[in-house]
Amino acid sequence: MRNKTIKKIIFFASGSGSNVQNIIQHFSTFDQITTDLVLTNNQKAGVLDRAKSLNVPFYLFKKEEYLDDSLLNKLQTIKPDLIVLAGFLLKIPKSIVAAYPDKIINIHPALLPKHAGKGMYGDRVHQSVLDSGDSKTGITIHYVNENYDEGSIIFQSAVEVSKADTVESIANKVHQLEYKHYPEVLHQLLKDQ
Ligand code: GRF
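Every chain's residues receive numbers from 1 upward, in the order its sequence appears when written. In view of the model being predicted, local features appear only for residues whose pLDDT reaches at least 70, and side-chain atom pairs are presented and counted only at 80 or more, with totals across whole chains, interfaces and linings using the full set of residues. Think of the side-chain values as coming from all heavy atoms in the structure, minus any hydrogens and water.

> Which residues make up the overall build of the chain, and what values do they have?
Secondary structure follows DSSP: runs of H or I at least 4 residues long count as helices, runs of E at least 2 residues long count as strands, and numbering of each begins at the N terminus. Secondary structure assignment for the chain yields seven helices and seven strands. Along the longest, intermediate and shortest principal axes, the C-alpha atoms of the chain span 55 × 35 × 30 Å. Using a 1.4 Å probe on the protein chains alone, a residue whose accessible area is under 20% of its type maximum counts as buried, one over 50% counts as exposed, and one in between counts as partly exposed. Expressed as a percentage of the 193 residues in the chain, the buried residues total 47%. Any two residues whose heavy atoms approach within 4.5 Å are treated as being in contact. In the chain, the share of contacts with a sequence separation of at least 24, taken over all contacts with a separation of at least 6, comes to 67%. With residues, only the protein chains shown are counted as cover, and all accessible areas are computed by Shrake-Rupley using a 1.4 Å probe. Only carbon and sulfur atoms are counted for the fraction: they give 50% of the accessible area of the chain, which is about 10,000 Å². Only four residue types enter the charge count: Lys and Arg as positive, Asp and Glu as negative, with His and the chain ends excluded. A charge is said to be at NZ when it belongs to Lys, at CZ for Arg, at CG for Asp and at CD for Glu. Here the chain holds 22 positive side-chain charges and 21 negative ones, and the gap between their average locations is 3 Å.

Rendered as structure tokens:
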């Protein structure tokens, strides 16, 4: 029988999954926290290969399952303590948001509320930062509600944008912040539950 103090994390990701990998590796040394499942909507997502090589179960779901609550039923059998989004491009259905208040967390690769909303993901975010002439960008870790990038903010960290920066160099700086802070913030949230 499972120890009741064990906390379970599951992930939603649509892309490369370097954050998912970093978080799984962070928690691999903590017996009381398990990383139980990686969910994706994208059969070409790099996160699938990462989950395989890290020996974490994964599930490629179809959009219908997502919308008709069968995925919610699957989540309810797992009973996750945190649902972590990392580069996940679909909006979370209302039924899943309602079932997991304060347990669904996202990371946005900019300082919300700037550079946010539908279609604002990946390099588009960094291009928007460059186009706006902002002197800094960063990361925002926030709760997920029914609207893109609007849940309450848990943590932000900033980095300078210089004249020499490109989309690629900004993406790189932002990823470094993500790798440093996302596992720590998730860890603290689990401790506070
Ligand atoms: C990250 O920058 C994350 O903030 C954003 O999408 C990117 C995903 O990168 N939402 P990866 O798939 O974790 O490498």
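> How would you summarise the site of the ligand if you had to cite specific residues and measurements?
Around the ligand sit Ser 16, Gly 17, Ser 18, Asn 19, Gly 87, Ile 107, Pro 109, His 175 and Glu 178, and that is every residue in its neighbourhood. Pairs of N or O atoms within 3.5 Å make up the polar contacts considered here, provided that, within protein, one atom can donate a hydrogen while the other can accept it, and that residues adjacent in sequence are counted only when both atoms are side-chain atoms. In this structure, an oxygen atom belonging to the ligand sits 2.7 Å away from a main-chain N or O atom of Gly 17. The separation between an oxygen atom of the ligand and a polar main-chain atom of Asn 19 is 2.8 Å. Computed on the free molecule, the ligand has an accessible area of 370 Å², of which 86% lies beneath the protein chains in the complex. Whether a residue is near a molecule or strand depends on its heavy atoms: it is near if one of them lies within 4 Å of it.

> Any details on the packing of helix α6 (residues 123-132) against helix α7 (residues 167-192)? Residues and values, ideally.
Helix axes are fitted to C-alpha atoms over the stretch in contact, other axes to C-alpha atoms as well, and angles between N-to-C directions run from 0 to 180 degrees. Where α6 contacts α7, the two axes come as close as 9 Å, and the packing angle between them is 110°. In terms of axis orientation, α6 runs roughly perpendicular to α7. Between α6 and α7 lies a crossing of right-handed hand. Residues Asp 123, His 126, Gln 127, Val 129 and Leu 130 of α6 form the contact with α7, whose participating residues are Val 167, Ile 170, Ala 171 and Val 174. Classifying every residue of the contact of α6 with α7 by side-chain character gives six nonpolar, two polar and one charged. Just so you know how the angles are binned, under 35 degrees is roughly parallel, over 145 roughly antiparallel, 65 to 115 roughly perpendicular, and the rest oblique. By definition, any crossing whose near helix is turned counterclockwise from its far helix by less than a right angle is left-handed, and any crossing with a clockwise turn is right-handed. In this count, Pro and Cys sit with the nonpolar residues alongside Ala, Val, Leu, Ile, Met, Phe, Trp and Tyr, while Asp, Glu, Lys and Arg are called charged and the others, Gly among them, polar.

> Explain the packing of aromatic side chains to me, and be specific about the residues and the numbers.
The rule is short: rings of Phe, Tyr and Trp, with Trp giving its six-membered ring, pair when the centres are within 6.5 Å, and they are stacked under 30 degrees, edge-to-face over 60, tilted in between. Under the criterion given, the structure shown has seven aromatic pairs. Taken together, the ring pairs in this structure connect Phe 12, Phe 61, Tyr 66 and Phe 88 into an aromatic cluster. Sitting over the ring of Tyr 59, Lys 74 keeps its end group 4.2 Å from the ring centre. Charge-over-ring placement is defined geometrically: NZ (Lys) or CZ (Arg) within 6 Å of the ring centre, and within 35 degrees of the ring normal.

> Run through the side chain of His 187, naming residues and quoting values.
Tracing the sequence through the fold places His 187 in helix α7. Classification of His 187 by relative accessible area gives buried; the value is 9%.

> Could you give an account of the pattern of salt bridges, with specific residues and numbers?
Definition used for salt bridges: Asp or Glu carboxyl oxygen within 4 Å of a side-chain nitrogen of Lys or Arg. Summed over all chains, the structure comprises three salt bridges. Residue Lys 114 is joined to Asp 134 by a salt bridge in which the shortest nitrogen-to-oxygen separation is 3.2 Å. Of this pair, Lys 114 sits in the loop between β5 (104-108) and α6 while Asp 134 is found in the loop between α6 and β6 (136-143), placing the two residues 20 residues apart along the sequence. A relative accessible area of 15% means that Asp 134 is categorised as buried. Two residues, Lys 173 and Asp 165, come together in a salt bridge whose shortest N-O distance is 2.6 Å. With a relative accessible area of 27%, Lys 173 lands in the partly exposed category.

> Can you break down the side chain of His 142 residue by residue, with the values?
In this fold, His 142 is placed in strand β6. We classify His 142 as buried; its relative accessible area is 1%. Other than its neighbours up to four places away in sequence, His 142 contacts Ile 104, Ile 105, Asn 106, His 108, Leu 112, Asp 149, Gly 151, Ser 152, Ile 153 and Ile 154.

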